[in-house]
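# Inside the fold
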Amino acid sequence: MLGGKINYTKLWIILRIFNYKLRYSTLQSSGYFINFMNFTNFMNLFNFHTHTSYCDGNSEPEAYVKKAIELDYHSLGFSGHAPIPLENGFAIKEENLLDYCDAIRKLGEKYKDQIHIHLALEIDYIPGITKDFNDFSKLCLLDYTIGSVHLVIHPENKQLWFIDGGNIAHYDNGLQQIFNGDIRLAVKAYYHQINQMITSQNPDMIGHLDKIKMNNKNRFFTQYEKWYKDLVSETITIIKEQGSIVEVNTRGLYKKRSEELFPGIPVLKELFQQKIPVTISADAHKPEELNLYFYETAAILKEIGFQTVMVFDNGKWKEEAIC
Ligand SMILES: [Zn+2]
Ligand SMILES: [Zn+2]
């Protein structure tokens, strides 16, 4: 089932039925009476990658907290895009950063009896341009950091290639103009930038590890080519040495920009073999995106062999059983 493409809808239905049966038999044998209509899941629900209107999300932070409580979430982590010293439409403005941190902390206090709220940033890494992750951590007293590469710097001409967003023409033009159409050089620059981010900034979590493949859509390369697999393996070795957590990001699926999670199945299998801890993230930009593909992703991880995911609780990361 895991070779090549996965039919996520089918897998979702099969696993939901299986999960339901499993719960039913477990609960019956334990003698509990239960109203199944009100029963959600044994697993604590969470999302540690969330964007609000302080950056490129669509709602005030409180709307996400209310939605998470409605969904019976245990934890919600806010991870606005950290300010970057470049003109852009997605990051928190430098002058609003402390307001953002303050707003999240206040919500944590206001709703502390109902949900655990955490303060984080998704921080871009562009060598020579972005600030040290530690500067943000100290300034905002962050609970954790997500390190991501959305802009790839050319190693020589220093121009930036924006690899995210839904505009494929923009990706193609950048590849052509900045990297002269040399996809191997461009992808190598992307993974080397991630490697440098991990070793120099030590983020708690690596954001959407293989997002470089999103707008590629199997046109310039596939994730099964040796040169590509070698680059990913090199990055995974560094992740292992550094002890970082890799998020399994569902946004590409529900935005229909990707047929796969970030990272995709072959990379997830390698992460499992290398015993690298993972967590599940919606990368939500709207309250209603908080729980999209959570169960399906948990099911896929379990099928690969993962028994646990990482959750942030009481000031540190810990393992939570997938069930
Ligand atoms: Zn991102
Ligand atoms: Zn994000």
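Residues numbered from 1 in each chain as written. Chains lettered and ligands numbered in written order. Predicted model: local features only at pLDDT ≥ 70, side-chain atom pairs only at ≥ 80, totals over all residues.

## As for the environment of Asn-58
With respect to the helices and strands, Asn-58 occurs in the loop between β1 (46-47) and α2 (61-70). Residue classification places Asn-58 among the partly exposed positions, given that 14 C-beta atoms sit within 10 Å. Taking the C-alpha atoms as reference points, Asn-58 and Pro-287, 229 residues apart in sequence, are found 8.3 Å from one another. When residues no more than four places from it in sequence are discounted, the contact partners of Asn-58 are Ser-53, His-285 and Lys-286. (Helix = DSSP H or I, 4+ residues; strand = E, 2+ residues; numbered from the N terminus. Buried ≥ 20, exposed ≤ 12 C-beta atoms within 10 Å, placed from the backbone. Contact = placed C-beta atoms within 7 Å.)

## A closer look at the sheet that holds strand β3 (residues 116-124)
In space, the 7 strands of this open sheet follow the order β1-β2-β3-β4-β7-β8-β9, with parallel pairing throughout. Of all the strands in the sheet, the pair left with one neighbour each is β1 and β9 (278-281). Two strands pair when backbone bridges link them, and strand β7 (residues 205-206) and strand β8 (residues 245-249) are joined in this way by 2 bridges, in the parallel orientation. Following the sheet pairing, Ile-206 is matched in β8 by Val-246. (Pairing = 2+ DSSP bridges.)

## Notes on the packing of helix α6 (residues 183-201) against helix α7 (residues 226-242)
The interhelical angle for the contact between α6 and α7, taken along N-to-C directions, is 5°, at an axis separation of 9 Å. When the axis of α6 is compared with that of α7, the two are roughly parallel. Between α6, through Arg-184, Val-187, Lys-188, Tyr-191, Ile-194, Asn-195, Ile-198 and Thr-199, and α7, the contact on the second element is made entirely by Trp-227, Tyr-228, Leu-231, Glu-234, Thr-235, Ile-238, Ile-239 and Gln-242. By residue class, the composition of the contact of α6 with α7 is 9 nonpolar, 4 polar and 3 charged. (Axes fitted to C-alpha atoms, helices over the stretch in contact; angles between N-to-C directions. Parallel < 35°, antiparallel > 145°, perpendicular 65-115°, else oblique. Nonpolar A, V, L, I, M, F, W, Y, C, P; charged D, E, K, R; others polar.)

## As for helix α9 (residues 265-273)
Taken as a whole, α9 has its buried residues at Val-267, Leu-268 and Leu-271. Mapping the buried residues of α9 onto a view down its axis gives an arc of 100°, with all of them on the same face. On its buried face, α9 is in contact with α7, β8, β9 and α10 (294-304). Of the residues one or two after α9, Lys-275 is the one with positive phi, at around 60°. (Arc of directions from axis to C-beta.)

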